[in-house]
Every structure is written in structure tokens, then in C-alpha cells.
Amino acid sequence: MSTTQGGTRSPAHRARDTTRWDIQGLRAFAVLSVVVYHLWPNRLHGGFVGVDVFFVISGYLITGHLLREQLSSGRIRLAQFWSRRAKRLLPGAFLTILATGAAVLLVVPSALWTQYGRELIASTVYAQNWELAASAVDYLDADNEASPFQHFWSLSVEEQFYIALPLLLLLLALAVRKRVSPVTTARILLGAVVVLSLVWCIVQTSTNPGVAYFSTATRAWEFALGGLAATVRLPAARTAVARRFRSGAAVVGAIALIASLVVITPATPFPGIAAALPVVGATLVVMFGAGTVFELLGSIRPVAFVGRISYSLYLWHWPLVVIVPIALGHPLGWKSKLAVLVVSLVLAAVTTVWFEEPLRFSGWVRTLRPRRVAVLGAVCTVLVAALGASTLTAVHVQEVQAATFTKQLSQGNAPCFGAAAEISAPKPCVDERLADVRVPAPSAAKQDDPNRPACWSGKFQTCVLGEESGYSKRLIVIGDSHSNTLLAAYDDIGRKNGWRIDLAGTGGCYLTTAQQDALNESSLATCNRWKQLAIQYVERHRDEADALVVAHSTTQMPVTAPEGPARDAATRAGLVDAWQQAAGDRLPVIAIRDNPVPRRDVVACVSRMSGPTDSSCDQPRAAALGQTDSSAEAVEAFNAAGGRSALVDLTPYYCTNTTCPAVIGGVLVYRDTSHITGTWAKTLEPYLDQQLRARLASFDRKPV
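Nothing here was measured: the structure is a model prediction, and the numbers come from that model.

### Digging into the overall build of the protein chain
Within the protein chain one finds 26 helices and ten strands. In terms of overall dimensions, the protein chain is globule-like: its C-alpha atoms have a radius of gyration of 30 Å, near the 27 Å expected for 704 residues. Taking the principal axes of the C-alpha coordinates as reference, the protein chain spans close to 95 × 50 × 45 Å. Evaluated residue by residue, the protein chain yields a buried proportion of 55% over its 704 residues. In the protein chain, of all internal contacts separated by at least 6 residues, the share reaching a separation of at least 24 is 81%. Just so you have it, the protein chain exposes about 29900 Å², and 61% of that area is on carbon and sulfur atoms.

### A few points about the pairing of strand E2 (residues 473-479)
Most of E2 is tucked away, with seven of its seven residues classed as buried. The two faces of E2 match: Lys 473, Leu 475, Val 477 and Gly 479 on one face and Arg 474, Ile 476 and Ile 478 on the other face are all buried.

### Some thoughts on the confidence of the model for the protein chain
Scored by pLDDT, the protein chain has a mean of 90; 93% of the residues are at 70 or more. For residues 2-16, every residue scores under 50 in pLDDT, and the model assigns this stretch 37 contacts once sequence neighbours within four places are set aside. In this model residues 138-142 is a low-confidence stretch, pLDDT under 50, and it forms 15 contacts with partners more than four residues away in sequence or in other chains.

### Things to note about the sheet that holds strand E3 (residues 499-505)
Where strands meet in a sheet, backbone hydrogen bonds hold them as pairs that are either parallel or antiparallel. Taken in spatial order, the six strands line up as E1-E3-E2-E4-E5-E7 in an open sheet, and their pairing is mixed. Two strands bound the open sheet, and with one partner strand each, they are strand E1 (463-466) and strand E7 (645-648). With strand direction ignored, the average angle separating the axes of adjacent strands in the sheet is 25°. Relative to E7, strand E5 (residues 589-592) is paired through four bridges, and the arrangement is parallel. By the bridge assignment, Ala 591 is partnered in E7 with Leu 647.

### Quick look at helix H7 (residues 182-207)
In this model, H7 (26 residues) spans 37 Å end to end at C-alpha, consistent with the 38 Å of a helix rising 1.5 Å per residue. Here H7 has its buried residues at Val 183, Thr 185, Ala 186, Leu 189, Leu 190, Val 194, Ser 197, Leu 198, Cys 201, Gln 204 and Thr 205. Buried positions along H7 lie against helix H2 (50-73), helix H6 (152-176), helix H8 (209-214) and helix H9 (216-230).

### So, unusual backbone geometry
That bond from Phe 270 to Pro 271 is cis: its omega, 10°, falls within 30 degrees of zero. Inspection of the secondary structure assignment puts Pro 271 in the loop between helix H10 (240-263) and helix H11 (276-288). In this structure, the amide linkage connecting Val 439 to the following residue, Pro 440, adopts the cis form with an omega of 0°. Assignment of secondary structure puts Pro 440 in the loop between helix H17 (370-411) and E1. The backbone of Glu 422 sits at a positive phi, close to 45°, despite the residue not being glycine. In this fold, Glu 422 is placed in the loop between H17 and E1. Unusually for a residue other than glycine, Ser 630 sits at a positive phi of about 70°. Its place among the elements puts Ser 630 in the loop between helix H23 (621-624) and helix H24 (631-640).

### Examining the pattern of salt bridges
Across all of its chains, the model carries 23 salt bridges by this definition. The partner of Glu 356 in a salt bridge is Arg 88, and the shortest N-O contact between them spans 3.5 Å. Note that Glu 356 is positioned in helix H15 (residues 334-360) and Arg 88 in helix H3 (residues 78-107), a separation of 268 residues in sequence. Each of the two residues, Glu 356 as well as Arg 88, counts as buried. Here Lys 496 makes a salt bridge to Glu 685, at a shortest N to O gap of 2.9 Å.

### Topic: the nonpolar core
Membership of the largest hydrophobic core comes to 98 residues, with the highest contact counts inside it found for Leu 26, Leu 39, Leu 165 and Trp 221. The element best represented in this core is H2, accounting for eleven residues. Not counting chain neighbours up to four residues away, the residues in contact with Leu 39 comprise Val 321, Leu 332, Lys 337, Val 340 and Leu 341. With 60 residues, the next largest nonpolar core counts Cys 416, Val 437, Ala 445 and Ile 676 among its residues.

### What to know about the pairing of E3
With seven of its seven residues buried, E3 lies for the most part within the structure. Of the two faces of E3, the one carrying Trp 499, Ile 501, Leu 503 and Gly 505 and the one carrying Arg 500, Asp 502 and Ala 504 are both buried. With four bridges connecting them, E1 and E3 associate as antiparallel partners. Bridging across to E3, Gly 466 finds its partner in Arg 500. Two strands pair when backbone bridges link them, and E2 and E3 are joined in this way by seven bridges, in the parallel orientation. The residue bridging Val 477 from the neighbouring strand is Leu 503, located in E3.

### Thoughts on the side chain of Asp 448
Within the secondary structure layout, Asp 448 lies in the loop between H17 and E1. A polar atom in the side chain of Asp 448 sits 2.7 Å from the side chain of Thr 679. Setting aside its immediate chain neighbours within four residues, Asp 448 contacts Pro 440, Arg 671, Thr 677, Gly 678 and Thr 679.

So, how was this worked out
- Residues numbered from 1 in each chain as written.
- Predicted model: local features only at pLDDT ≥ 70, side-chain atom pairs only at ≥ 80, totals over all residues.
- Heavy atoms only, no water.
- Helix = DSSP H or I, 4+ residues; strand = E, 2+ residues; numbered from the N terminus.
- Rg over C-alpha atoms; globule rule 2.2 N^0.38 Å.
- Buried < 20%, exposed > 50% of the residue type's maximum accessible area, 1.4 Å probe, protein only.
- Contact = heavy atoms within 4.5 Å.
- Areas by Shrake-Rupley, 256 points an atom, 1.4 Å probe, with all protein chains shown as cover.
- pLDDT = per-residue confidence, 0-100.
- Pairing = 2+ DSSP bridges.
- Axes fitted to C-alpha atoms, helices over the stretch in contact; angles between N-to-C directions.
- Expected span 1.5 Å × (residues − 1).
- Salt bridge = Lys/Arg side-chain N within 4 Å of Asp/Glu carboxyl O.
- Core = buried A, V, L, I, M, F, W, Y, C linked by side-chain atoms within 4.5 Å.
- Polar contact = N/O pair within 3.5 Å; in protein donor to acceptor, adjacent residues only side chain to side chain.

In C-alpha cells, the structure reads:
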């Protein structure tokens, strides 16, 4: 991941060798931890901490390099420094990105091209960590597939460190002039970064873990601690006591690193304070490892070679982990995982020995001035990013074609389009023109979402659909994202019937008093507050409204209870209690049963289809409806307690007696692992409208 000290084409033992073999061994440890974790996560729970080890190594080596230049020449030549970084990092990175991008176009379903193309570009410009952080805070992006470019997040953080550190050192040196030595200014700067970044890391990990994991601000302390170690010049260990102390400190660091592989798991809030274990451990090794047994271990040829190719191994292994299962059509087994490991090592060795090092140490590259390196880097960046842009362009063409076809269908006569196929009817509607139609295009499915900011907030707010004034009926719709997927249908229903519909939605949270699972305490507190405000809103307006309409996801943020009957009972009780508080016996409640659960790869599966739609991507009814959302049971219990409620069940439009198709009447039903497409929701509108009017009519017939 970062540079090797010594600047030699080969790490072979040589006269007056200045290579830090303990650091080379630490690189081997770090990269193998990451690779093994990605291949066998259940065998090495904390292997992902290898990335933190790389951060410490980079902080140590780069800070040491910059300080040596400052002390010898009194300045830092930024252009020269960044030029060397570009020569070291860009060739291997761009080669991997190009090869991976080509594999994506050849193997990966087009449904993933938008995400992958966007991440390809972000990786090329070293902004992948912020791209992933943005996705992490977007609730509707939570179902993103792992991208073959995802691992570039750590390289992006490193590159941002390479830009920031020399600039900050220069600015601080200018501020203090020559009154303070470069070493002291570096210690002040890096010490402040350690404190501020670590505090922010702990806070962010508890409040916004998705952003905390990828943020440069929450990772900066890891580089800075390694940098602080580089400011400490240890005296030569001339006595047995000094040698034992140095070896003991390095051993403590190694024990901390090994322990971190065991005690830290994906369930551990990370980075947070937990990251201190591998970070401090790595810092101790880089600080005290020279001249100890770790130098001997790191100089063992296989270990040294893995350390030498660690950057390329990190680059190549993850695209194989992601793309090979897609090409095979099934998850990796033991044999295929071993094959991926071997191929990764071979690719890394070939890239390092025959491409990176010959290029970096060639005469013409060595003599390239920083300005030419900058121009070449910019040109190569544009060319590589163009591959990502081409995938986005191809996706856009598919989306335009699908949108045009959908518009033509909506304007013409398409009696069997979408839910109008009525697949569970004795005689389903069949239109042969729709046999090979699939809209929206799978690549555009994720964006086929009618939700809007005015109707979607963690602070509780309502938007008005249908008629704002002069309405004949008023409905209040409360729910999570599964409720808001019907937003366009609600809007059409409101306008067609002259109704006002007040709608409020938020991620994973709905009208219940039951405690729900959440990523962290902060999101749980936000959800609980939102539910309280929702109940209060309905209570205030229940005399003005004609019905409360509720819906929620079966699978996302379920009630905190053991899965099975206990969770079903807790879900039912939470619903009934919330309805009683909000609606009481004065406002009727209409509960909409949740949509069936598709197979996890439903969109990617459909994108692989060619010709007429088949059943290869369908979900058996038993699996799709295997979990209950407890709406029907809550309706029964609420009515028994004196309330008025009814159920809307649209399952017959989703499923036959045996299966729940992925494509119905030419319409792709799902846009991800649980949400329906806006196009499908629009085709449901006549049937949702019919059932809502029927339920409202039944309430009108019942005396209060």
C-alpha cells in the first residue's frame, strides 16, 4: 500500500542493506490479514484491521521521509514528493482499475454498472472513501452490492494523507519560522491530529458508523500516530537491557496485532476506540522492531516477497473476490477461494516484478520532472475515468430506451401491463407484446423511486398529496420506506378521488411502540423520537381525518425479539398499542400488508436475461411470504379491543399460488432486495385505490 524503504528493484539481501525488514514483514502480515479475511471472514474475524496497520506504516515512513528532507535542506519540495508518490502508486492502481473495469463490462450484470461505474471514477480520482461514506448515510443505498473497486477507499484515504501532511508541515514551519525545529513542529501537528481525530473517531463511530469507517477525519489519527513514532530517534541499543526493552516493546506490539485479529469482529463498533489495539500495536512494531527478531522474520524470503508485492496483492485480490462469484454464478467455495488466493498472488507478483518496478526504476521515468508527471497523471486519470463514464453512458442509453417504451405503453393500450396482469386470477391477463419487455431497465431500477425529500425525514414532517384544499376525504399515511414506495400511487389516488393525503416516512421506522433493532444508539433514539411525534400528530388530527393508513417493512429494522413467534407477537403488540394511542376508537386504521421479499440478487438476475422473460429470477411464494409483518393479526387484535381497522392485501397481484415473479406484465417489480419500483407501484394504483375505497366505505357503514 505504501512505499518500501531502500528504493531497490529487488529486496534480495545486498551489501549495506537499509531496508527495514521488520516493516516489510509487517506489510506481509497486514495484507495477508486483509486477504484471508475477505476470503474466509468466519475464520479470521478481525482481518480487516490490516488496513489500519498499513495506515500506521504510511504515517511512519512518509513522516520520516519529509522530516529528513526538512532537516537536511530546510524545506519540503512538494512537487518532487508528489511526483514520487505518483510514480509509485498510479501505474499499479490504473492497471488494476482498467482490468477490473473491463471485467465488469464482460461479466457483471448491467444492473450494477451504474454503481460500479461511479465507484470506478471515484477510485481513479482517489475519492472512493467519500463515495462509500455518502452511500453509507443514504438509507436507500443500504442494499448496494459490494463493488470490485470498494477497497480503493483505503488508498483514497492514504492519498489524501499524502497531500495534506506535507502542506500542513510547510504551513506550520512558515508560521513558526526558524524558532522551532521541524521535529518539534511535526510533533505538535501530529499530536494535535491524534487527539482531535481520535476523539472525533470515537464520537462518529457511535453516532454515524457508516461515515466513521470511511472518513479521512476519523482515520487521520492512525497515520499521525505512526508519524509521531517517526519523530522519535531511538539511541542504538548498546546494552542488553536496552535490547531487551526494544524487543519487549516490539513483542507487545505484535501480541496486540495478533489479539486484534481475534477480539475485533465485524460486530465491533469500528474504528472507534477499538482501532487503538491494532494501531498502537503496529506503532510499537515500527518504532522498536529494527534490530530485533522481527527483522529476521521479515527478511525470510517468502515473507519479504509478500511484503514486496503487498501493494499489488491488495489491489488485485478484492476484484477477484467480487467478480469471480458473479462469473461462476454461485458463491465461492473452498476450492475457488484457494484459486482466487493463488491467482491474486500470481497477479501481484507479475505486476510488481514485471510492470511496476521496471517502470518506476526505468531511466526515463526517473528523469521525468514533476510537471511532466503531473501532465501524464492527469491524462491517464482522464483515460481511466473514461471507462467508468462509458459504463454510465451505456446505462443511460438503456434507461432512455426503457423510459421511452414505458411512456408509449402508458399512452397506448396495454391492458396487461404490470399489476394488470392479475397473475393470481383464474384467467391472468396475457399480452404477448410484453413477453420480452422489462421496465424499468434493471440498470435504472434503483433510481425508479418516487420518494421526495418533503415526505421523508428523520425529524418527522408530513407532505400533502392529492388535493390540499376542497377535499372530500383526508387520509394520514405513516410508515417507513416500504410505505413511501407507494407515494406516486397515493398521489394519483388523492387527485382522482379529490382526497387529501398527509404522508410521513422515514428510514426503517414506522408507527409502533415496540423497540426496533438499530445500527447504533443514536439511530435508535432518532427512531423512537420520530415514532412519538408521529403518534402525537395523528392524535392531534384524528378528528379531522377519515382514516390512518399504515405500512412497514417485514425485514428492515424488525422488532427487538428472537425471530419467530416471539417477534411476531411483539410486532403485533407494538402495532396495536401505537394505533390505540394515535387513533383510539375514533379514527379507523387501514393496514397495508408488506410486499413479498424477493431473492437478494433479483435486479442483477433480471439484468442477465435476454429474450422473453423467464422464471429464473422468481422467488417461491413460501420464501417470499415466509415472514409475517403482523398487520393482519394486529387488525384482528385492534378490532377486538374496540377499535376500527381493516387490512389491504395486494399479495394476489405479486404472487401466484406457488411463486412471486420478479417481472410481472413487463414490469420489474423490485428495485433492490426489498423495495418495489415506482413503475410497479403506479400499476398497483387502481387496485390500491379500489381497496382503500372499499375499506373506507365499510367504516362509514359502522356506527361509532
